[in-house]
Amino acid sequence: MRQNGNAHILVLGGDGFCGWPTALFLSREGYTVTIVDNFSRRRIDEELGVESLTPIESIGQRLQCWWETTGLNIRLHRLDLACDYEPLMELIAETQPAAIVHFAEQRAAPYSMKSSRHKRYTVSNNINATNNLLAAVVDAGVDCHIVHLGTMGVYGYGSAGMKIPEGYLDVEIPMADGQRVSQQILYPTNPGSIYHLTKSQDQLLFAYYNKNDGVRITDLHQGIVWGTQTVETSLDERLINRFDYDGDYGTVLNRFLMQAATGHELTVHGTGGQTRAFIHISDTVRCIQLAINSPPVAGERVRIMNQMTETHRVRDLAKMIADVSGAKVAFVDNPRNEAAENDLFVENASLCNLGLKPTFLAQGLLEEISEVAGKYAYRCNADLIPCRSYWRTHKVQESTPDV
Ligand code: NAD
Ligand code: USQ
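Description of the structure in this document. Keep in mind the model is a prediction, meaning the values are calculated, not measured.

**Topic: the packing of helix H8 (residues 252-262) against helix H10 (residues 314-325)**
In a packed pair of helices, the relevant descriptors are the angle between the two axes and the axis-to-axis distance.
Phase 1: Close contact between H8 and H10 brings their axes to 10 Å; oriented N to C, the two are set at 25 degrees. Taken together, the axis directions place H8 and H10 in an arrangement best described as roughly parallel. The crossing of H8 and H10 is right-handed. Within the contact between the two elements, H8 uses Val252, Leu253, Phe256, Leu257 and Ala260 and H10 uses Val314, Leu317, Ala318, Ile321 and Ser325.
Phase 2: Each residue belonging to the contact of H8 with H10 can be placed in one class, and the counts come to nine nonpolar, one polar and no charged.

Here you go:
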């Protein structure tokens, strides 16, 4: 064990794409780790009739393999954060964690827009999960640090060339006496889906519990995560991370990598003029550790850090991957209601100042195509590749102009 031997970390959503490699990384770094998950993500795979491109093991097999490979034990609690309040509160009181990493939300924008049922599920799951966690920390009387995975999407992807700050915006407010005062406010949210809307609401919950109860919180506004494996998930095939490629859960860069590996056209939505922020999965897990090791002090407001390392325009990504793989690019109708073209400039000094050494796209790109997407290309069901979740009905599209 390394230096973190006694610190207990709860990883909520620790069976998921970001949570699993984070749990392994923290375990190897010497923390005592408990995964909390209700396995809703695995049930959603069944609902959608899809499987991870990589063959992921059951959580029992994963944890057994981790023990056999490293001699390290990760504990597991099956619990629904949105419903099982008392068990959650008791778990926090019993384990007295130094930090709780909160990944446990429904995270796919297209899934959240599929139907009214999916909208309602996403709102009720995500907001209740976050509120229950905050209330339980207060109830349990434990002064722990909550590290939440938020999203760059709450900012609305930039405006007019300005650099998006880390959570707070400096404004000047006119007073009744004609003077002007400077103040920092939460950057106004502009969510682009019901999923992103829940992350905007999370921010208000954090601000309130921080103000009222002094809960110490770091909210990491993360960009789109790409890649699959980390050092730890590569130790044994039974530890492999999930790789979502379908039209609901697959994110753009991993989808393009998979499409290149399977001989599918790269599905660029609209003109591909959308610019987004990205981060590699290895940097995600490292950022979580950096955040855990640098907790806010008592009385500090919610700390917000932009967890991204680079920005790319979707059509440039497609061209880059087409150039190295020979794949064809297809410009398809955009199923989403989003700006066709946007610039994006993001401040990300906080995590870099804490020690993040970014993994840039060019470094890992070819290995990713050949080693992961290529190896498991035979598991891909091409029928599941198109995005079939539409943001607006035909009727609304006719009557509401784009803004
Ligand atoms: P994921 O769906 O793979 O993992 C989420 C995990 O949380 C799953 O294992 C799921 O079963 C669990 N979960 C969901 N609701 C729960 C509940 N009510 N109780 C207990 N467990 C529950 O998602 P991910 O890609 O690992 O994302 C993790 C977090 O990071 C999300 O909050 C997401 O918004 C954020 N994020 C992800 C990305 C990305 O590109 N994947 C980018 C930015 C932010
Ligand atoms: N896109 C394509 N082709 C595709 C898939 C997507 O052109 O085949 C486009 C989309 O229209 C969109 C962009 O690529 O303009 C990004 O889409 P995405 O599915 O990769 O990302 P998004 O829906 O924003 O959501 C993902 C994660 C979410 C996280 C978010 C970070 O699923 O959990 O919060 O990235 S961010 O985008 O920075 O808000």
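**Description of the packing of helix H6 (residues 116-140) against helix H7 (residues 194-213)**
Phase 1: Where H6 meets H7, the closest approach of the two axes is 10 Å, and the angle between their N-to-C directions is 15 degrees. If you check the angle between H6 and H7, you find them roughly parallel. For the crossing formed where H6 meets H7, the hand is right-handed. Counted together, Lys119, Thr122, Val123, Asn126, Ile127, Thr130, Asn131, Leu134 and Val138 of H6 and Ile194, Tyr195, Thr198, Gln201, Asp202, Leu205, Tyr209 and Asp213 of H7 form the full contact between these two elements.
Phase 2: By residue class, the composition of the contact of H6 with H7 is eight nonpolar, six polar and three charged.

**Describing unusual backbone geometry**
Phase 1: One non-glycine residue, phenylalanine 39, lies in positive phi territory at about 60 degrees.
Phase 2: Assignment of secondary structure puts phenylalanine 39 in the loop between strand E2 (32-37) and helix H2 (40-48).
Phase 3: Overall, phenylalanine 39 belongs to the partly exposed group, with 14 C-beta atoms counted inside 10 Å.

**Re the nonpolar core**
Phase 1: By size, the foremost hydrophobic cluster in this structure holds 93 residues, and its most contacted members are Ile9, Leu12, Val101, Phe256 and Leu257.
Phase 2: Each residue touching isoleucine 9, except ones within four places of it in the same chain, is listed here: Leu26, Tyr31, Val33, Pro97, Ala98, Ala99, Val101 and Ile292.
Phase 3: Counting residues in hydrophobic clusters, the runner-up holds eight residues, among them Ala108, Tyr111, Met113 and Leu197.

**Notes on the site of ligand 2**
Phase 1: Taken together, 23 residues surround ligand 2, and among them Thr151, Met152, Gly153, Val252 and His269 come closest.
Phase 2: With three residues, the top contributor of residues to the shell around ligand 2 is strand E11 (residues 266-269).
Phase 3: Grouping the amino acids of the shell around ligand 2 by side-chain chemistry returns nine nonpolar, nine polar and five charged.

Cut-off values and rules
- Residues numbered from 1 in each chain as written.
- Chains lettered and ligands numbered in written order.
- Predicted model: local features only at pLDDT ≥ 70, side-chain atom pairs only at ≥ 80, totals over all residues.
- Axes fitted to C-alpha atoms, helices over the stretch in contact; angles between N-to-C directions.
- Helix = DSSP H or I, 4+ residues; strand = E, 2+ residues; numbered from the N terminus.
- Parallel < 35°, antiparallel > 145°, perpendicular 65-115°, else oblique.
- Left-handed = near helix turned anticlockwise from the far one by under 90°.
- Contact = placed C-beta atoms within 7 Å.
- Nonpolar A, V, L, I, M, F, W, Y, C, P; charged D, E, K, R; others polar.
- Buried ≥ 20, exposed ≤ 12 C-beta atoms within 10 Å, placed from the backbone.
- Core = buried A, V, L, I, M, F, W, Y, C linked by C-beta atoms within 7 Å.
- Near = placed C-beta within 6 Å.

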